[in-house]
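The chain contents come next:
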Amino acid sequence: VMTKKRNEQGHLMIGDIDAVRLAEQYQTPMFAYDVNAIRNKARAFKRAFEQTGIDYQVAYASKAFSCIAMVQLVHEEGLSLDVVSGGELYTAIQAGFPMENVHFNGNNKSRQEIREALQAGIGCFVVDNFHELELLEEECERLQTQTNILLRITPGVEGTTHSYISTGGEDSKFGFDLFNGQAEAAVEQSLAVSSIQLQGLHFHIGSQLFETSVLTKAIATLYRHIEHWHTLHGFIPEVINAGGGFGISYTRYDEPLEPEAFVETIVHSIREESGRCHLPLPEVWIEPGRSIVGEAGTTLYTIGSQKEIEHVRHYVSVDGGMTDNIRPALYGARYEAELANRVTQQNEKMYAVAGKACESGDMLIYDLPLPTVKSGDILAVFSTGAYGYAMASNYNRLPRPPVVFVENDEHQLVVESENYADLVRNDRPLTM
Ligand code: LLP
């Protein structure tokens with residue numbers, strides 16, 4: 001799984017560029033994305049849908065990693081975009097992304113965010129709750145406009161993943177519940193509002209899924225209810241959005257399914273269920289985030305200090321950590337890494353890679369075999385493209401790292417590094 005390209009100097013390659021050179025030019029820590037890897041994933045999802053012959057949209061979940069260049073790339077690849085905040089929407093606007101292909105998710109959109117999205121002419125809202133339905137109706141009225149919506153349904157199916165990122169179970173802050181009649185009431189209410197076009201339904205089971213059976217289960221559950229809503233309220237879904245959550249490989253032990261496997265399962269189940277209910281085949285939408293960008297991203301760090309506790313652990317510290325990758329501290333997420341400047345050397349020892357934040361839990365990897373590490377070595381941590389930069393913070397007043405896109409033998413800065421001035425930009429000196 002983890003065969004990485006290397007050059008004759010024994011350096012890691014990202015695209016056709018020497019990672020050590022990237023680290024020298026842009027400084028560490030830094031994120032480097034292999035643009036071809038992103039394009040290939042985007043195309044794999046689209047190709048999988050093309051093979052089914054169904055109408056579809058693949059919306060990139062920009063929460064995984066959003067910046068103007070990324071959104072532009074998503075547009076180049078002909079995907080739609082899922083945003084979850086005014087900030088992600090603003091990024092899309094700045095990137096010139098076609099607003100009719102933007103979907104707005106989230107469980108607590110503010111009135112202001114809803115207004116901004118309506119004014120921008122967004123493609124659809126994925127409405128999460130009754131409060132949002134009211135806000136949307138009011139704002140449509142105020143702006144004398146109409147909008148498309150999907151209703152986010154909680155199918156009551158647990159994804160087999162970390163509980164913090166599992167979202168489809170019965171006890172979830174997201175969506176309208178099926179088991180207590182919320183979802184049906186939301187369908188009824190949406191159908192009654194003339195400024196709101198109920199296009200269909202949305203569900204998202206969880207993130208980092210490694211199997212398809214939960215999707216089949218969710219779709220079957222959903223259609224049992226759709227059948228009733230059709231009979232009782234004349235509701236016919238034109239769109240079913242099956243969310244994202246398709247797992248990727250962080251370490252050699254992860255065996256993710258191909259995009260095709262997820263897409264085929266989803267389309268097959270929807271075909272079967274809509275046929276069983278004598279309903280027309282809807283468009284099928286998905287919203288992958290991690291699986292588009294995760295494996296395409298690598299973080300480059302420079303090794304600084306070391307501390308060996310004999311027979312216990314050998315710590316090596318890098319110049320970033322939980323401030324650019326909170327996932328190990330937050331979820332116990334595991335990563336693999338190599339010394340980018342000596343990838344061909346034999347591993348000699350187990351190391352524990354620590355971040356530089358003042359926090360014992362700021363560890364990136366607890367057991368990493370490496371050649372004997374020297375300070376100044378460049379450590380490349382793999383599969384950091386999703387929810388790394390996106391969840392970065394300024395804890396300890398560390399500036400956020402730069403992001404570089406590499407495509408074949410070209411590379412380009414797409415997000416500048418923050419500097420100290422950025423850190424105090426919003427600070428105001430004491431005046432009283
Ligand atoms: N659609 C909805 C409604 C979602 O809630 C999510 C993720 C996605 C799509 C995209 O899921 P993906 O394809 O990226 O797995 N910070 C966590 C992940 C949180 C995911 C939240 N929702 C992590 O670092 O693992």
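As the structure is a computational prediction, the values presented were derived from the model and not from experiment. (Residues numbered from 1 in each chain as written. Predicted model: local features only at pLDDT ≥ 70, side-chain atom pairs only at ≥ 80, totals over all residues.)

Draft legend 1. Representation of helix α5 (residues 111–120). All of the buried residues along α5 are Glu113, Ile114 and Ala117. All buried residues of α5 lie within an arc of 100° about the axis, which places them on one face of the element. For α5, the exposed residues lying more than 90 degrees away from the buried face are Gln112 and Gln119. The inward-facing, buried residues of α5 contact α4 (86–94), β6 (102–104), β7 (124–127) and α6 (130–143). (Buried ≥ 20, exposed ≤ 12 C-beta atoms within 10 Å, placed from the backbone. Helix = DSSP H or I, 4+ residues; strand = E, 2+ residues; numbered from the N terminus. Arc of directions from axis to C-beta. Contact = placed C-beta atoms within 7 Å.)

Draft legend 2. Structural context of the site of the ligand. As a structural note, the neighbourhood of the ligand is formed by 20 residues, with Ser207, Gly244, Gly289, Arg290 and Tyr387 the closest of them. Mapping the shell around the ligand onto the domain boundaries places at least three of its residues in each of domain 1 (13–33 + 296–424) and domain 2 (54–293). (Near = placed C-beta within 6 Å. Domains from an automatic or database assignment.)

Draft legend 3. Up close: the pairing of strand β18 (residues 378–382). Judged by how many residues are buried, β18 sits mostly within the fold: five of five residues are covered. Of the two faces of β18, the one holding Ile378, Ala380 and Phe382 and the one holding Leu379 and Val381 are both buried throughout. Of the strand pairs in this sheet, strand β13 (residues 297–309) and β18 are connected by five bridges, and their pairing is antiparallel. In the strand pairing of β18, Leu300 is matched with Ala380. In the sheet, strand β15 (residues 337–339) pairs with β18 via three bridges, with the strands oriented antiparallel. Among the inter-strand pairings, Ala337 is bridged to a residue of β18, identified as Val381. (Pairing = 2+ DSSP bridges.)

Draft legend 4. Seen up close, the confidence of the model for the protein. Averaged over the protein, the pLDDT score is 96; the fraction of residues at 70 or greater is 97%. Between the elements of the protein, mean pLDDT differs from a low of 96, seen in strand β9 (residues 176–177), to a high of 99, seen in helix α3 (residues 68–76). In the model output, the complex is listed with pTM 0.97 alongside ipTM 0.99. (pLDDT = per-residue confidence, 0-100.)

Draft legend 5. Seen up close, α4. Among the residues of α4, those classed as buried are Glu88, Leu89 and Ala92. For α4, the arc enclosing every buried residue in end-on projection is 100°, short of the 170-degree limit, so these residues lie on one face. Turned more than 90 degrees from where α4 packs its buried face, Gly87 and Gln94 sit exposed.

Draft legend 6. Geometry of the UniProt feature "active site" (unreviewed entry) in the protein. The UniProt record marks Cys358 with the feature "active site" (unreviewed entry), using the residue numbering of this structure. Here Cys358 shows up in the loop between β16 (349–354) and β17 (363–370). Judged by C-beta crowding, with 8 C-beta atoms within 10 Å, Cys358 ranks as exposed. (UniProt positions renumbered as here; feature names shortened; annotations may be inferred.)

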